[in-house]
Amino acid sequence: MKKLYTIVFLLVASTTFTFAQNKDTQKADKHFDRFEYVKAAEEYQKVIKRGKADTYVYTRLADAYFLINDTKKAEPFYKRVSTRKGVSPETIYNYAQTLKANGKFEESNTMMDQFAQMSPNDSRAIDYKRNPNYIPQIMEGKPRFAVKQVGGLNSSFSDFGTHKVGDKIYFSTARNTSNKTYGRNQEPYLDIYEATYVNGMATNVQPVKGDVNSKYHEGVVTVTADGKRMYFDRNDFYNGKYKKDDEGINQLNIYYAELVDGQWRDIQPVPFNTTEYSEGHPALSPDGSTLYFVSDRPGGSGDSDIYKVSISTDGAFGEPENLGTTINTEGKEVFPFIGDDGTLYFSSDGHLGLGGLDVFKAPKSGSGFGAVQNLGVPINSSSDDFSFSINDATQEGFVASNRGGSSEGGSDNIYSIKEICVSTINSIVKDANTNRPLSGATVALYDSNQNRLTSKMTGADGKATFEVECEQSISVQASLNGYESNATTVSSVDKNVATEILLRPIDEIIVDDQVVLNPILFDFDKHNIKPQAATELDKLVQLMKKHTSMVIKVESHTDIRGAVEYNRQLSNRRAQSTVQYVISKGIDESRISGEGFGEDKPAVDCGANCSEAQHQQNRRSEFIIVKR
């Protein structure tokens, strides 16, 4: 999205040099300073071929490729200048971002180490040094969203910035080929379009009616809840006048329009627009009382910051306020969106991410926002991911990305998202006798089919936390050397589930001349050891490792259903499977044996009148202590 970012927010890489421009680079520099990065790259390549290249040329060429998101081409030129004298910290940071976008995470971290040494007080360096192994944490997190392309919406050009009102969506696109071509990325100027969106399909895709679209860029859009007012950003073009700042740059401004007889009319600028810096990416709070936006105005933290401004009931605007350094970094914070619960979603290349722009969220906290959290995969990728929006009631929304793989082949494409319900299981393991939390216990989760899902070790507080999909029956099993294993079953219906598992000291499972375990369950007509059975048998293994002279005989029994001889053979197979499992865990074969008795020794002698519960009692394994 860096290509589009330069379109909708006219910002360049903040690399600086003492090297002077000269006649050899004059033509390339002119294109670069006009943000015509494709043409600039071509001209810098010509300078290189003429043998006139230096650090300045290689860096500008790398930046040109970086700003049109061609990180494959940017990488070798950043690499060339990364070890040269006078290279700026921002160039090193861009190189780290480039490597990350290209999937070279270890090399990216090496460059981040160099960046942190050069700019130790930069918030990006501080965050990185605090958590240098953040990439695996993001990649391995439980996915919270399902992502797929929106049918019927994307084109072979840039499409992004979706805003939904009822069954209508508004978005930004460069598909209008009747528009003049924008020299900086060789695509038509952006317009705002609308479409009907039902059941994941977009139809009736067309430009919005009225006066919103001009011959210049119209980008990000947000609409009031009643659908009557639209805020959007546009090049500084109003009443037929195209304005530039003192350096000849046309900035981005925010405007609003009213819906009159089905058409957007009466275009007005917001009062805090200026020709000297950009304001864009408008986003309304759910109640319409606050407008969030992005600006590169003086006094911010970095390239672009997120601001907010109040809107009174009579439509008057307050003074813009910066959201502060919890949200804003020395990099770019863009595309804000406010959820129904007040959560701020935005994209950033300054917070720790997977490459390019990542989507983040920060929960509402008092009058501000709490800690920033990366939304993880698949919302984020090593490419640019941005213009996130979501309906909290339906848990559905949109995100745009240039991650590739689109059937339409556009540089930026719109994806629909569906939030996956995630339940957090907060487990604590304690000593059953003292109620003391047990650290170092293994807590494992199993689904209803006894498939092991994941496991963790408890911390000093005896706790282990997991995230699972909702609407599941989950078995939470805990084990610790010196203790009998135990398990409990929870239902992940609620968002947060608390469970306590009490472990008894292992010697307590010795009762008279037997080791008493929970029933060892086998599938019908099977003798293989299931996960539940393994958990129980691990208790026996622990006990035998503690009491090294103990000898055990396993006696396996069936109910009376089935032929007598068949039951005897089945029970014997089950006894031998049990023995082999214990041996596989390091117990000498001389210390454990097994025998199957079939239906010969029922625990409950109920004959042909047994209930299902009594049949279950008779299907059992007993662990006889032959020698202590």
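To start, this report covers the structure provided alongside it. As the structure is a prediction and not an experimental result, all values here were calculated from the model.

### Thoughts on the overall build of the chain
Next up, step 1: For the chain, the helix and strand inventory stands at 12 helices and 38 strands.
Next up, step 2: Computed over its C-alpha atoms, the radius of gyration of the chain comes to 33 Å, more than 25% above the 25 Å expected for a compact globule of 628 residues.
Next up, step 3: On the principal axes, the C-alpha backbone points of the chain span a range of 100 × 60 × 45 Å.
Next up, step 4: For the chain, the residues scored as buried account for 53% of the 628 residues in total.
Next up, step 5: Counting only contacts in the chain whose residues sit at least 6 apart along the sequence, the fraction spanning at least 24 positions is 55%.
Next up, step 6: Of the accessible surface of the chain, which amounts to about 27400 Å², a share of 46% is contributed by carbon and sulfur atoms.
Next up, step 7: Here the chain carries 71 positive and 83 negative side-chain charges, and the mean point of each set is 5 Å from the other.

### With respect to the packing of aromatic side chains
Next up, step 1: Evaluation of the coordinates by the stated rule reveals 29 aromatic pairs.
Next up, step 2: On the numbers, 6.0 Å between centres and 75° between planes, the contact of Phe66 with Tyr78 is edge-to-face. One end of the pair, Phe66, is in helix H4 (residues 55-67); the other, Tyr78, is in helix H5 (residues 71-81), and 12 residues separate them in sequence. The same class applies to Phe66 and to Tyr78, which are both buried.
Next up, step 3: With centroids separated by 6.1 Å and ring planes inclined at 75°, the aromatic side chains of Phe272 and Phe317 adopt a geometry described as edge-to-face. On the criterion of sequence distance, the pair formed by Phe272 in the loop between strand E13 (263-269) and strand E14 (279-284) and Phe317 in the loop between strand E16 (305-310) and strand E17 (321-322) is long-range, its members being 45 residues apart.
Next up, step 4: We classify Phe317 as buried; its relative accessible area is 17%.

### Concerning the sheet that holds strand E29 (residues 452-457)
Strands pair in a sheet through their backbones, by hydrogen bonds, and they do so in one of two ways: parallel or antiparallel.
Next up, step 1: One open sheet accounts for 4 strands, arranged E29-E28-E31-E32; its pairing is antiparallel. Because the sheet does not close on itself, it has two edges, and the strands there are E29 and strand E32 (486-491). Put simply, the sheet's adjacent strands are angled 20° from each other on average, direction ignored.
Next up, step 2: By the bridge criterion, 5 bridges tie strand E28 (residues 442-446) to E29 in an arrangement that is antiparallel. Residue pairing across strands places Tyr446 opposite Arg452, the latter belonging to E29.

### Let's talk about helix H7 (residues 105-118)
Next up, step 1: Its 14 residues place the ends of H7 20 Å apart at the C-alpha level, agreeing with the 20 Å of an ideal helix rising 1.5 Å per residue.
Next up, step 2: Turning to H7, its buried residues are Ser108, Asn109, Met111, Met112, Phe115 and Ala116. Along H7, the residues classed as buried sweep out an arc of 165° about the axis, all on the same side. H7 presents Glu106 and Gln117 as exposed residues on the side facing more than 90 degrees away from its buried surface.
Next up, step 3: Buried residues along H7 sit against helix H6 (89-101) and helix H8 (123-130).

### A word on the pattern of salt bridges
Next up, step 1: Taken as a whole and assessed by the stated rule, the structure comprises 35 salt bridges.
Next up, step 2: A salt bridge links Asp211 to Arg265; the shortest N-O distance between them is 2.7 Å. Of this pair, Asp211 sits in the loop between strand E7 (201-207) and strand E8 (218-223) while Arg265 sits in strand E13, and the two are 54 residues apart along the sequence.
Next up, step 3: The exposure class of Asp211 is partly exposed, given its relative accessible area of 36%.
Next up, step 4: With a relative accessible area of 30%, Arg265 lands in the partly exposed category.
Next up, step 5: Among the ionic pairs, Glu555 bridges to Lys553, the shortest N-O distance being 3.9 Å.
Next up, step 6: Residue class for Glu555 comes out buried when judged on its relative accessible area of 12%.
Next up, step 7: Because the salt bridges share partners, they merge into one network encompassing Glu484, Arg504, Glu536 and Lys539.

### Thoughts on unusual backbone geometry
Next up, step 1: Across the junction of Val377 and Pro378, the peptide omega takes the value 5°, indicating a cis bond.
Next up, step 2: With respect to the helices and strands, Pro378 occurs in the loop between strand E23 (373-374) and strand E24 (385-391).
Next up, step 3: One non-glycine residue with positive phi stands out, namely Phe335, at about 50°.
Next up, step 4: Following the sequence through the fold, Phe335 ends up in strand E18 (residues 333-338).
Next up, step 5: Here Gln395, not a glycine, exhibits a phi torsion of approximately 60°, which is positive.
Next up, step 6: By secondary structure assignment, the location of Gln395 is in the loop between E24 and strand E25 (396-401).
Next up, step 7: Residue class for Gln395 comes out partly exposed when judged on its relative accessible area of 23%.

### Overview of the packing of H6 against H7
Next up, step 1: Two elements in contact, H6 and H7, have axes separated by 8 Å at closest approach and are oriented at 165°. Comparing their axes, H7 and H6 come out roughly antiparallel. When the axes of H6 and H7 are compared, the crossing they make is left-handed. Across from Pro89, Ile92, Tyr93, Tyr95, Ala96, Leu99 and Lys100 in H6, the residues of H7 making contact are Phe105, Glu107, Ser108, Met111, Met112, Gln114, Phe115 and Met118.
Next up, step 2: Here the contact of H6 with H7 is composed, by residue class, of 11 nonpolar, 2 polar and 2 charged.

### Quick notes on the state of the cysteines
Next up, step 1: Tallied over the full model, the rule gives 2 disulfides.
Next up, step 2: Each bonded cysteine of the chain is numbered by sequence order, and under that numbering the disulfide pairs are 1-2, 3-4.

Procedures and definitions
- Residues numbered from 1 in each chain as written.
- Predicted model: local features only at pLDDT ≥ 70, side-chain atom pairs only at ≥ 80, totals over all residues.
- Heavy atoms only, no water.
- Helix = DSSP H or I, 4+ residues; strand = E, 2+ residues; numbered from the N terminus.
- Rg over C-alpha atoms; globule rule 2.2 N^0.38 Å.
- Buried < 20%, exposed > 50% of the residue type's maximum accessible area, 1.4 Å probe, protein only.
- Contact = heavy atoms within 4.5 Å.
- Areas by Shrake-Rupley, 256 points an atom, 1.4 Å probe, with all protein chains shown as cover.
- Lys, Arg positive; Asp, Glu negative; His and termini not counted.
- Charge placed at Lys NZ, Arg CZ, Asp CG, Glu CD.
- Phe/Tyr/Trp six-rings, centres within 6.5 Å; stacked < 30°, edge-to-face > 60°.
- Pairing = 2+ DSSP bridges.
- Axes fitted to C-alpha atoms, helices over the stretch in contact; angles between N-to-C directions.
- Expected span 1.5 Å × (residues − 1).
- Arc of directions from axis to C-beta.
- Salt bridge = Lys/Arg side-chain N within 4 Å of Asp/Glu carboxyl O.
- Parallel < 35°, antiparallel > 145°, perpendicular 65-115°, else oblique.
- Left-handed = near helix turned anticlockwise from the far one by under 90°.
- Nonpolar A, V, L, I, M, F, W, Y, C, P; charged D, E, K, R; others polar.
- Disulfide = S-S within 2.5 Å.

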